[in-house]
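Coordinate inspection notes
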Amino acid sequence: MNLQMVVTYIGVDFFCILMAITMGISIKSDFGSEFEVTSLRRALTAYIEFLGFGLVWILTQTHYIPYNPVVTGISNSLSLLCMILASYYWFFFAMARIRRTDKRPGRLVYLICRIPIGLAMVLCLTTPWTGWVFQIAADGTYQRGVLFIFVSSLQYLYSLVVCIYAVKYGIRETNKERRTLCWLLGIFLLFPLLAGMVQMMVGNTPILAPAIITPLFIIFVYIQRTQIYNDALTGLNNRKRLFFMLETKIPQADKEHPMILYLLDANRFKQINDKYGHAEGDNALISIAECMMQLAGEYHIFVARYGGDEFMMLDYGTELLEPVRVMERLHFLIAKKCEEKKLRYPLAVSIGYTLVDDPEEKPETLIVRADRMLYEEKANLVYDEEPC
């Protein structure tokens with residue numbers, strides 16, 4: 001490898017590392033659930049380590065830093081291993097995004113998912129002695145071993161599963177933004193797959209690193225953009241979009257064309273958080289949001305997360321639905337969701353609402369009225385069993 005190619009490798013890898021670091025710094029706690037944030041940060045960290053060990057290998061292999069066969073072998077082994085590890089954490093992030101759940105996989109799922117990682121670890125760390133993945137001759141010449149393609153393909157196994165699930169969920173997803181995200185997560189595999197094929201055929205081509213970070217950056221930017229008006233955890237419209245909708249629709253309301261604003265929150269949500277942890281609390285909020293989205297699809301109403309465990313709905317159709325009908329339907333959907341997910345606690349919501357028929361009213365005034373009715377309902381609740 002000549003000096004020009006080495007400089008190209010270093011330049012490309014440093015640029016990719018800079019992009020990964022920038023993304024990692026930009027990921028805040030509101031980017032998604034705790035599990036999603038942790039998984040994506042670990043994926044980026046493993047990706048940076050993959051590039052870092054790769055640079056050490058290249059520089060020792062080309063003798064631009066003192067050559068040491070042990071350092072060369074270990075750095076190459078760790079580079080391959082970190083690449084698969086990045087794919088492993090990416091798998092968990094993408095699956096959580098697609099399925100929109102913060103519930104961590106069970107032990108059996110973790111065990112199955114760790115099989116490729118464990119296999120790769122054994123093969124990569126023993127290859128300096130076995131030569132199964134690669135071999136480094138006494139003169140420093142690098143040769144691929146009989147299992148090189150197999151080990152390199154393990155990273156694509158995780159992305160392939162993500163691709164299958166993304167297509168499956170994308171086909172039946174009704175929300176345009178979430179459907180687009182599913183397609184983006186689904187085609188992620190194509191970039192590193194094509195780059196890997198080119199690199200295997202051509203060799204000494206710094207194409208794999210940018211082929212991984214480019215679709216990841218596109219997905220990252222898309223999620224950031226959609227979060228301007230969408231709640232990161234639940235996927236519902238967020239508070240900003242809610243108030244934009246209220247400020248737009250309230251001036252259109254009058255006695256002949258009224259609207260109904262609903263305010264609801266989860267019953268005994270604090271007890272769920274305290275006993276089962278914030279991850280399960282997130283799962284409870286996601287469950288409620290899923291029911292609200294189904295309700296919105298059935299009745300064509302606007303739904304949003306107001307904040308914390310509070311949500312809002314706005315019925316502004318030409319023919320208003322009976323509030324009792326809307327509330328009973330939502331209660332039914334939540335009860336059904338509890339059965340489907342086999343939740344370990346009773347999940348329910350209290351609902352208050354108010355009529356909107358004055359175009360001069362302020363959103364805050366309407367929310368106060370709906371909130372008053374909500375807490376009247378909460379005051380009348382009688383719990384027959386322990387909350388959790």
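Right above here is the structure, for reference.
The rules behind each value
- Here the residue numbering is sequential within each chain, running from 1 through the sequence in written order.
- The predicted origin of the model limits local features to residues at a pLDDT of at least 70 and limits the giving and counting of side-chain atom pairs to 80 or more, whereas totals for whole chains, interfaces and linings rest on all residues.
- Based on all heavy atoms of the structure, the side-chain values leave hydrogens and waters out of the count.
- Under the DSSP-based scheme used, a helix requires at least four consecutive residues in state H or I and a strand at least two consecutive residues in state E, with every element numbered from the N terminus.
- Think of it in three bands: with a 1.4 Å probe and only protein chains considered, a residue is buried below 20% of the maximum accessible area for its type, exposed above 50%, and partly exposed in between.
- In what follows, a contact means two residues having at least one pair of non-hydrogen atoms within 4.5 Å.
- Neither His nor the chain ends contribute to the count of charged residues, in which Lys and Arg are positive and Asp and Glu negative.
- Charge positions come from single atoms, namely NZ of Lys, CZ of Arg, CG of Asp or CD of Glu.
- Put plainly, a pocket is an open set of points on a 1 Å grid over the protein atoms alone with protein on both sides within 12 Å along at least five of seven lines, a cavity is a set where a 1.4 Å probe fits but cannot get out, and a lining residue has an atom within 4 Å of a point.
- Grid points are joined across faces, edges and corners, and a volume is the space filled by probe spheres set on the points.
- Three residue categories are used. Nonpolar comprises Ala, Val, Leu, Ile, Met, Phe, Trp, Tyr, Cys and Pro, charged comprises Asp, Glu, Lys and Arg, and polar comprises the others, including Gly.
- Think of the arc as the fan of directions from the helix axis to the C-beta atoms.
- Two strands make a pair as long as DSSP finds a minimum of two bridges between them.
- Note on geometry: axes are C-alpha line fits, over the in-contact stretch for helices, and angles between N-to-C directions span 0 to 180 degrees.
- Take a side-chain nitrogen of Lys or Arg and a carboxyl oxygen of Asp or Glu: if they are within 4 Å of each other, that pair is a salt bridge.
- When describing relative orientation, an angle under 35 degrees is termed roughly parallel and one over 145 degrees roughly antiparallel, while 65 to 115 degrees is termed roughly perpendicular and anything else oblique.

**Digging into the overall build of the protein chain**
Each helix and strand in the protein chain was counted, giving 13 helices and 6 strands. Principal-axis analysis of the C-alpha atoms gives the protein chain an extent of 85 × 45 × 30 Å. Taking all 388 residues of the protein chain together, 51% fall into the buried category. Within the protein chain, residue pairs in contact and separated by at least 24 positions form 74% of the contacts whose partners lie at least 6 positions apart. The positive charge centre, built from 37 side chains, and the negative charge centre, built from 38, are 8 Å apart in the protein chain.

**Side note on empty space enclosed by the protein**
It is the rolling of a water-molecule-sized probe over the atoms that shows where space remains empty. Taken as a whole, this structure holds 1 cavity of 30 Å³ or more when the rule is applied. A volume near 160 Å³ is recorded for the largest cavity. Forming the walls of the largest cavity are 14 residues, and the residues nearest its centre are Ala86, Ser87, Trp90, Phe188 and Ile212. If you list the elements that add at least two residues to the lining of the largest cavity, you get α2 (34-61), α3 (69-99), α5 (148-172) and α8 (208-226). By residue class, the composition of the lining of the largest cavity is 11 nonpolar, 3 polar and no charged.

**A look at the layout of surface pockets**
If you add up the space inside the second largest pocket, you get close to 720 Å³. Looking at the lining of the second largest pocket, the elements with two or more residues in it are α1 (3-26), α2, α3, β2 (142-144), α5, α7 (190-202) and α8. Residues of the lining of the second largest pocket, tallied by class, amount to 17 nonpolar, 12 polar and 2 charged.

**Notes on helix α9 (residues 239-249)**
Along α9, the positions that sit buried rather than exposed are Leu242, Phe243, Met245, Leu246 and Lys249. End-on view of α9: buried residues confined to an arc of 155 degrees, all on one side of the axis. What points out from α9, more than 90 degrees from its buried face, is the exposed set Lys240, Phe244 and Glu247. Among the structural elements, β3 (259-266), β4 (302-307), β5 (310-315) and α13 (363-379) are those in contact with the buried residues of α9.

**Digging into the sheet that holds β3**
Pairing within the open sheet is antiparallel, and its 4 strands lie in the order β4-β5-β3-β6. Pairing within the sheet leaves two strands with one partner each, and these edge strands are β4 and β6 (349-356). For this sheet, the mean angle separating the axes of adjacent strands, direction not counted, is 20 degrees. Summarising the sheet, β4 and β5 pair through 5 bridges and their orientation is antiparallel. Residue glycine 307 lies in a different strand from β5, and its bridge partner there is glutamate 310. Here α13 sits on the sheet and contacts β3, β4, β5 and β6; the angle it forms with β6, its principal contact strand, is near 145 degrees.

**A short note on the side chain of glutamate 290**
Along the chain, glutamate 290 turns up in helix α11 (residues 278-299). By relative accessible area, which is 16% here, glutamate 290 ends up buried. Among all residues touching glutamate 290, those that are not within four sequence positions of it are Arg99, Arg100, Lys337 and Lys341.

**Looking at the pattern of salt bridges**
Inspection of every chain in the model, using the stated rule, returns 12 salt bridges. For glutamate 36, the salt bridge identified is with arginine 97, shortest N-O distance 3.2 Å. With a gap of 61 residues between them, glutamate 36 in helix α2 and arginine 97 in helix α3 connect regions that are remote in the sequence. Classification of glutamate 36 by relative accessible area gives buried; the value is 5%. Since its relative accessible area comes to 12%, arginine 97 is described here as buried. If you follow the salt bridges from partner to partner, you end up with Glu290, Lys337, Glu340 and Lys341 in one network.

**Here's the deal with the packing of α3 against helix α4 (residues 107-130)**
Their axes nearest at 8 Å, the elements α3 and α4 cross at an angle of 170 degrees. Viewed along their axes, α3 and α4 adopt a mutual orientation that is roughly antiparallel. For the pair α3 and α4, the contacting residues are Gly73, Ser77, Leu78, Leu80, Leu81, Ile84, Leu85, Tyr88, Phe91 and Phe92 in the first and Tyr110, Cys113, Arg114, Ile117, Ala120, Met121, Cys124, Leu125, Thr127 and Pro128 in the second.

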